[in-house]
Amino acid sequence: RVFLCMGRVCKARALLNAAIPLLMQHGHVWFQAEACLTLAKCNIAELSSKETILSATQLRRNALVQLESAATLFEKIDDIHRLKQVYYLQSRIYKFLPSGQKKRDEAAKNFFRLNKMKQHKETGSKQWAMFGVLITDVIKMLKMKS
């Protein structure tokens, strides 16, 4: 993540690609998810340097694959803050894909729900109130219809 913040996208991607197999075998779920999220951010950062539409589309699709992996892993540990980042980035990327409007809306809705859930969070426990319903599981909350 440090190399990405410094603008050295290629170095960040190389380090992540080298570390991900070991992380997936032995690392904690949070580190696995964080690596996927950072790799997706590398793909997004690389978009500004690409000129052809085909490569930009491919970078967006690669970022979406990594974001899906990150979302699945962050859901396992109920990391609301990172899930919000993932859904925000997904909605931004789907905006640029020709057939991504429905998925963009779904990601934005998930972001909105997590934001509401975080605002109504009970102190000291993993329970949230949303629309008058007590929610203890992030996955159940995301499946709720508003």
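Numbering of residues starts from 1 in every chain and runs along the sequence as written. Reporting in this predicted model follows two pLDDT cut-offs: at least 70 for local features of residues, and 80 or more for side-chain atom pairs to be given and counted; totals over whole chains, interfaces and linings ignore these cut-offs and use all residues. As a rule here, side-chain values cover all heavy atoms of the structure and leave hydrogens and water aside.

*Asks:* Outline the pattern of salt bridges, supporting the account with residue identities and numerical values.
*Replies:* Two side chains of opposite charge can pair, provided their charged atoms sit close to one another. By convention in these notes, a salt bridge is any Lys or Arg side-chain nitrogen within 4 Å of a carboxyl oxygen on Asp or Glu. Using the criterion set out here, one finds 3 salt bridges in the structure. For E46, the salt bridge identified is with R13, shortest N-O distance 2.1 Å. Of this pair, E46 sits in helix α3 (residues 29-46) while R13 sits in helix α2 (residues 9-26), and the two are 33 residues apart along the sequence. The same class applies to E46 and to R13, which are both buried. For D105, the salt bridge is made with R104, and the minimal N-O distance between the two is 2.9 Å. Residue classification places R104 among the partly exposed positions, given a relative accessible area of 27%. In DSSP terms, a helix is any run of H or I states spanning at least four residues, a strand is any run of E spanning at least two, and both are numbered starting from the N terminus. Accessible area is worked out with a 1.4 Å probe on protein chains only. A residue is then buried under 20% of its type maximum, exposed over 50%, and partly exposed in between.

*Asks:* So what about the packing of aromatic side chains? Which residues, and what values?
*Replies:* Here the aromatic set is Phe, Tyr and Trp, taking the six-membered ring for Trp, and pairing holds for ring centres within 6.5 Å; pairs whose planes are under 30 degrees apart are stacked, those over 60 apart are edge-to-face, and all others are tilted. Taken as a whole and judged by the stated rule, the model has 2 aromatic pairs. Taking the centre distance of 5.3 Å and the plane angle of 80° together, the rings of W30 and F31 count as edge-to-face. With 6.0 Å between their ring centres and 55° between their planes, Y88 and F111 make a pair best called tilted. Of the two residues, Y88 sits in helix α5 (residues 80-94) while F111 sits in helix α6 (residues 101-119), which places them 23 residues apart along the sequence. Given a relative accessible area of 27%, F111 falls into the partly exposed group. Here, over-ring charges are defined by two tests on the NZ atom of lysine or the CZ atom of arginine: distance to the ring centre within 6 Å, and angle to the ring normal within 35 degrees. The aromatic ring of F3 is capped on one face by K11, whose charged end is 5.8 Å from the ring centroid.

*Asks:* So what about α5? Which residues, and what values?
*Replies:* To estimate the expected span of a helix, count its residues, drop one, and scale the result by 1.5 Å. Over its 15 residues, α5 extends 21 Å from the first C-alpha to the last, a length consistent with the 21 Å expected when each residue adds 1.5 Å. In terms of residue burial, α5 counts as a mostly covered element, since 11 of its 15 residues are buried. Burial in α5 covers these residues: I80, R82, L83, K84, V86, Y87, L89, Q90, S91, I93 and Y94.

*Asks:* Hey, could you go over the nonpolar core for me, with residue numbers and the actual values?
*Replies:* Proteins that are soluble and globular tend to have nonpolar side chains buried together. For our purposes a nonpolar core is just a set of buried Ala, Val, Leu, Ile, Met, Phe, Trp, Tyr and Cys residues, chained together by side-chain atoms within 4.5 Å. L37, L67, A70, F74, L83, V86 and L114 are the most contacted members of the largest nonpolar core, which totals 21 residues. Among the elements of the structure, α3, α4 (53-76), α5 and α6 are those that each provide at least two residues to this core. Contact criterion: two residues are considered in contact whenever any of their non-hydrogen atoms come within 4.5 Å of each other. Not counting residues within four places of it along the chain, the set of residues in contact with V86 comprises L37, L67, A70, A71 and F74. Ranked by size, the runner-up nonpolar core spans 8 residues in total, among them L16, I20, A35 and L39.

*Asks:* Tell me about the environment of S69, and name the residues and values.
*Replies:* Relative to the elements of secondary structure, S69 occurs in helix α4. Sequence spacing of S69 and Q32 is 37 residues, and the spatial spacing of their C-alpha atoms is 9.0 Å.

*Asks:* How would you summarise unusual backbone geometry if you had to cite specific residues and measurements?
*Replies:* The backbone of D78 shows a phi angle near 55°, a positive value even though the residue is not glycine. Locating D78 in the fold gives a position in the loop between α4 and α5.

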